[in-house]
Amino acid sequence: MPPGPDVATRSWASAAVRRFAAATNLLVAARRFRLVGGDARDRQALHALLTALGARAAADHEPVDQLWCLGDPEESTAAVEREADRPRGATLVVVDAGRHLPAVDEDAFGPVTPARPGVLAVPMLSDDVFLVSTGRDPEDDPAADARLRWARRSMPVSRAVAAELRDGGLLRGTRVGVAMVLEPKTAVLSLLLRDAGAEVVVYAHADETDDAVADALRRAGLPVFAESTATTARQKDLALAMLDTRPHILLDDGAHVIRLAHQERPDLLPTMLGAAEETTSGLRPLRVMAARGALGIPVVAVNDARTKTFFDNRYGTGQSTVFAVLDLVDGLTSGAHRIQPGGSAVVAGYGHVGEGVALVLRALGFTVTVAETDPVRALQALFAGYAVAPLVDAVREAEVVMSATGVTDTISLDVLRACAPDAVVAVAGGVEHEVALDAALAAGATLSTVGRKAERLTFPRAATGPVVLDRGGCINITAAEGNPVEIMDLSFAAQLGAVRMLLEHGDELERAVVPLDPAVDEATARAALAAFGSRAEPPVRVAEHPSDREPDVRTSRFGDPA
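All of the points below concern the structure found in this document. Only a predicted model underlies this, so the values are computations on that prediction, with no experimental measurement involved. (Residues numbered from 1 in each chain as written. Predicted model: local features only at pLDDT ≥ 70, side-chain atom pairs only at ≥ 80, totals over all residues. Heavy atoms only, no water.)

Description of the pairing of strand β14 (residues 344-348)
Among the five residues that make up β14, four are buried, leaving the element largely enclosed by the rest of the structure. With five bridges joining them, β14 and strand β15 (residues 367-371) adopt parallel strand pairing. Bridge assignment links Ser 344 to a residue of β15, and that residue is Thr 367. Bridging between β14 and strand β17 (residues 400-403) involves four bridges; their strand directions are parallel. When the bridges of β17 are listed, Ala 345 appears paired with Val 400. (Buried < 20%, exposed > 50% of the residue type's maximum accessible area, 1.4 Å probe, protein only. Helix = DSSP H or I, 4+ residues; strand = E, 2+ residues; numbered from the N terminus. Pairing = 2+ DSSP bridges.)

Written as structure tokens, this is what we have:
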């Protein structure tokens, strides 16, 4: 077997893919790619990483979604011009991944224009071809309107579902409250709901608010109750102000606003059709409330939809959180952390998020250990090829520690004390206090800034300690742009399906956490397959048993039972 790429080449490939993702906020998994030119070792490393992340090398006859150019600009120009001949609306992202010199001549295609920070449009060549360079950082420009347009073009499934709602007139006169992370994809969802006939009001927590996006929605005429600098008290005032608009439907992420309505505005509940909840951590308290008989509205468990949890939690959160962690680490001085290429990582929790985080870390060359309290999931991790160990033991030599549980104090005081010096600790989406920083500070530890959204936690009588990213916040939201656009397209299509379900059946639904209609999942998946250039086997109609005849359950394995 020929030797694999060296450490420096693998590191270059990792940085190139992460820069592509940061510039575009697009998904790697499920996309068809082709490599053009370049050194054989570079091609091997990039091909191995893209396929490990779930992308697929296109066959010669297939169109591609991503064209990775590594070598001679003239060779790249010819390849781009061939691939640009495609159906209208089929996006091609051309990635200049030249390792030492540019591999794409941007001037070869006529004037270019900014499509969003880090992405250039090539209108003279095609409205559907875009250029990205992995050799430079995206511009530090909020460019909210451009980011909204970019997100919208990559959300065909949500657009189609919203169009059905618009054409059916179901949303006219309905007020929908959107209480989610306020970034471009959520803004597109809000505008799609408005265009479908709803009155839309928006709330977001301070640390989940992109002020430029909030202002873009305000310019579009939507009431937005969100400020990135809001204190806790101010956030409560904003959330209550949104509830005081008396929405008929709430779309929530974490169930904070649903619970606030029960605590502070119980008179609102009888006027509501219901709500939809996006997250595992948000459904947990709602199910407790339902078991106690304290849930006053039906809540559709969007998180449990297969088209949400199989993709958003695993592929979306896996890519976006791990990439965000490593992007932040790249900004630290080498002596501030212990991460090395091919190093060791620990993932706490092996639900769908933990699966995705572990997959991406392994694709990037880390040796991964999983810590999981559920023995069945721990066994799953073992069968997937990961080491399994108790968390307090696993972190002692780890370079990266990522919590993927959505459970308070997962990274407990004992775990923080056990972390190797200079290890990097982060949270892959979850709840407040998933890292027990308050307990550590109460025990005498101190925090000192070592870089952007990075602080060293040092215990008394210790010379150094682990580096905690963004105080244990949801790292892909607070330090990046959230999950990839195509992933949120699936999740928001499920949210729109939940809206339809509440409009059509809200009065009939039990005041409980209810599943999303499986038909919504199937329709969403078929639309997404088409958007990704594939299609499923046609559904098979199961023969119906005659209603006037009992099913024959006798075995024929030993001959005719008659």
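Concerning the sheet that holds β15
Across the sheet, eight strands lie side by side as β16-β15-β14-β17-β18-β21-β20-β19; this open sheet has mixed pairing. This sheet does not close on itself; its edge strands, each paired only once, are β16 (387-388) and β19 (446-451). The sheet contacts of helix α12 (residues 352-363) involve β14, β15 and β17, and relative to β14 the element is tilted by about 170 degrees. (Contact = heavy atoms within 4.5 Å. Axes fitted to C-alpha atoms, helices over the stretch in contact; angles between N-to-C directions.)

Some words on the pattern of salt bridges
Using the criterion set out here, one finds 35 salt bridges in the structure. A salt bridge links Arg 456 to Asp 422; the nearest nitrogen and oxygen atoms lie 2.6 Å apart. Here Arg 456 is found in strand β20 (residues 454-458), whereas its partner Asp 422 is found in the loop between α15 (413-418) and β18 (424-427), with 34 residues between them in sequence. In terms of burial, Arg 456 and Asp 422 fall into one category: buried. When salt bridges that share partners are traced, they join Arg 31, Arg 32, Asp 65 and Glu 486 into one network. (Salt bridge = Lys/Arg side-chain N within 4 Å of Asp/Glu carboxyl O.)

Examining the layout of surface pockets
Of the volumes computed, that of the second largest pocket is approximately 530 Å³. Around the second largest pocket sit 26 residues that line it, and Arg 31, Gly 89, Ala 90, Thr 91 and Ala 531 are the ones nearest its centre. Elements with a contribution of two residues or more to the lining of the second largest pocket: α5 (156-168), α18 (485-505) and α19 (518-531). Taken together, the residues of the lining of the second largest pocket sort by class into twelve nonpolar, five polar and nine charged. (1 Å grid on protein atoms, 1.4 Å probe; cavity = no way out; pocket = protein on both sides within 12 Å on 5 of 7 lines; lining within 4 Å. Points joined across faces, edges and corners; volume = space filled by probe spheres on them. Nonpolar A, V, L, I, M, F, W, Y, C, P; charged D, E, K, R; others polar.)

Regarding the nonpolar core
Trp 68, Leu 193 and Leu 251 are the most contacted members of the largest nonpolar core, which totals 124 residues. Beyond its immediate sequence surroundings of up to four residues, Leu 193 is in contact with Leu 171, Val 176, Val 178, Ala 198, Val 200, Leu 251 and Leu 496. Among the nonpolar cores identified, the runner-up in size contains 29 residues, and Met 242, Met 272, Ala 301 and Val 513 belong to it. (Core = buried A, V, L, I, M, F, W, Y, C linked by side-chain atoms within 4.5 Å.)

Brief notes about the packing of aromatic side chains
With the rule as written, the count across this model stands at five aromatic pairs. Grouping aromatic residues by their ring pairs yields a cluster made of Phe 310, Phe 311 and Tyr 315. (Phe/Tyr/Trp six-rings, centres within 6.5 Å; stacked < 30°, edge-to-face > 60°.)

Thoughts on the side chain of Ser 154
Checked against the element boundaries, Ser 154 lands in the loop between α4 (144-153) and α5. By relative accessible area, which is 13% here, Ser 154 ends up buried. Ignoring sequence-local partners within four residues, the contact set of Ser 154 consists of Leu 26, Arg 159, Val 485, Glu 486 and Asp 489.

Some details on empty space enclosed by the protein
Here the structure, examined in full by the defined rule, presents two cavities of 30 Å³ or more. A volume near 80 Å³ is recorded for the largest cavity. In this structure, the largest cavity is lined by Leu 27, Val 28, Ala 29, Leu 53, Arg 314, Tyr 315, Gln 319, Phe 323, Gly 356, Leu 359 and Val 360. Mapped onto the lining of the largest cavity, the elements with two or more residues apiece are α11 (306-330) and α12. Per-element tally for the lining of the largest cavity: the top contributor is α11, with four residues. Residue composition of the lining of the largest cavity, by class: eight nonpolar, two polar and one charged. Of the pockets and cavities examined, the second largest cavity occupies roughly 50 Å³. Lining the second largest cavity we find Val 94, Asp 96, Val 104, Glu 106, Leu 131, Val 132, Ser 133 and Arg 136. For the lining of the second largest cavity, the secondary-structure elements that each account for two or more residues are β4 (92-96) and β7 (126-133).

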